[in-house]
Amino acid sequence: SYCIIPYARGRVRSKPLADLKREIGQVAASGYREVVLVGINLPCYGKDLGLRLIDAVEAACAVEGISRVRLGSLEPELLTPPDLARLAAQPKFCPQFHLSLQSGCDKTLKAMNRHYDSAEYARIVADIRAAFPNPSITTDIMTGFPGETEEDYQQSEAFSVRMGFAKAHIFPYSVRQGTRAAKMPDQLDLGGVIGSVVGTVQIVEPLGKVEILAGIVPILKPGAFPRLIGLVLACNEAPIVATDLFH
């Protein structure tokens with residue numbers, strides 16, 4: 001109810017698998033070794049083609065020269081146990097899941113028109129942790145949504161702590177004209193919202209620092225650290241590229 005993108009993007013227009021494999025093959029031939037599959041509402045990939053997102057992941061993993069395949073931001077309610085099992089079977093797949101939470105308060109989630117509640121979100125996180133030995137769960141959290149009370153905020157914060165996120169993008173609600181949220185009563189004062197953001201950062205930020213990953217993780221090149229350039233990630237001689245799954 002707060003986002004203008006659904007009004008602007010139109011219907012889902014998935015990139016055919018043949019086009020995807022050709023594009024990834026081209027970037028692999030150019031020296032890229034890691035590909036990030038991205039798109040608005042990423043798990044909707046393939047609905048217009050009779051496919052699922054996992055089909056795109058498997059196609060990307062099959063490209064010679066690609067060492068890692070990663071996913072962009074995901075709508076959590078569209079990840080199913082069979083999908084997770086197929087992902088876990090791909091050695092090239094990086095188990096980093098950016099599951100956009102937005103709020104850990106069910107009342108706020110309903111007002112946001114999110115299609116899950118906190119219990120379903122927690123179940124999906126548990127399914128991921130059962131399918132992968134050391135997954136990284138990251139998220140987005142919004143504070144100051146219209147009508148959010150201090151109690152709602154405390155519920156969201158407590159839920160976020162329980163989830164043990166490796167990283168969280170925390171930001172204040174901002175009005176987007178043309179959305180339902182822009183017309184909702186009880187729009188909050190920005191000063192108080194910013195304070196909520198700071199408080200949530202202080203609670204959530206340390207969580208990633210206490211997460212211990214067991215075992216050895218291979219790197220693409222010793223001493224290579226990625227840097228962000230628009231939608232393209234470059235990593236010295238082992239670069240990363242973001243590939244949009246939609247037209």
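To be clear, the structure that these remarks concern was listed above.
Residues numbered from 1 in each chain as written. Predicted model: local features only at pLDDT ≥ 70, side-chain atom pairs only at ≥ 80, totals over all residues. Heavy atoms only, no water.

**Student:** Just checking my understanding: could you explain helix α4 (residues 81–88) for this structure?
**Tutor:** Residues that lie three or four places apart on an α-helix share one face, since the helix turns once every 3.6 residues. Among all positions of α4, only D83, L84 and L87 are buried. Buried residues of α4, seen end-on, are gathered within an arc of 100° and therefore sit on one face of the element. The inward-facing, buried residues of α4 abut α3 (53–61), β4 (96–99) and α6 (118–131). (Buried < 20%, exposed > 50% of the residue type's maximum accessible area, 1.4 Å probe, protein only. Helix = DSSP H or I, 4+ residues; strand = E, 2+ residues; numbered from the N terminus. Arc of directions from axis to C-beta. Contact = heavy atoms within 4.5 Å.)

**Student:** Can you help me understand the environment of H98 in this one?
**Tutor:** In this structure, H98 sits in strand β4. Note: C-alpha distance between H98 and A168 (70 residues apart in sequence) is 9.0 Å. Not counting residues up to four positions away in its chain, the partners in contact with H98 are G72, S73, L74, T138, T139, D140 and H169. There is a polar contact of 3.0 Å between the side chain of H98 and the side chain of D140. (Polar contact = N/O pair within 3.5 Å; in protein donor to acceptor, adjacent residues only side chain to side chain.)

**Student:** Explain the packing of aromatic side chains here, please?
**Tutor:** Any pair of aromatic rings gets described here by the distance separating the centres and the angle formed by the planes. By the definition in use, this model includes seven aromatic pairs. When the ring of Y121 is compared with that of F159, the centres are 6.0 Å apart and the planes differ by 70°; the resulting orientation is edge-to-face. Of the two residues, Y121 sits in helix α6 while F159 sits in helix α7 (residues 150–163), which places them 38 residues apart along the sequence. For the pair shown, Y121 and F159 are each scored as buried. Three or more aromatic residues joined by ring pairs make a cluster, and in this case those are Y116, Y121, F159 and F165. (Phe/Tyr/Trp six-rings, centres within 6.5 Å; stacked < 30°, edge-to-face > 60°.)

All we've got here are geometric facts, nothing functional implied.
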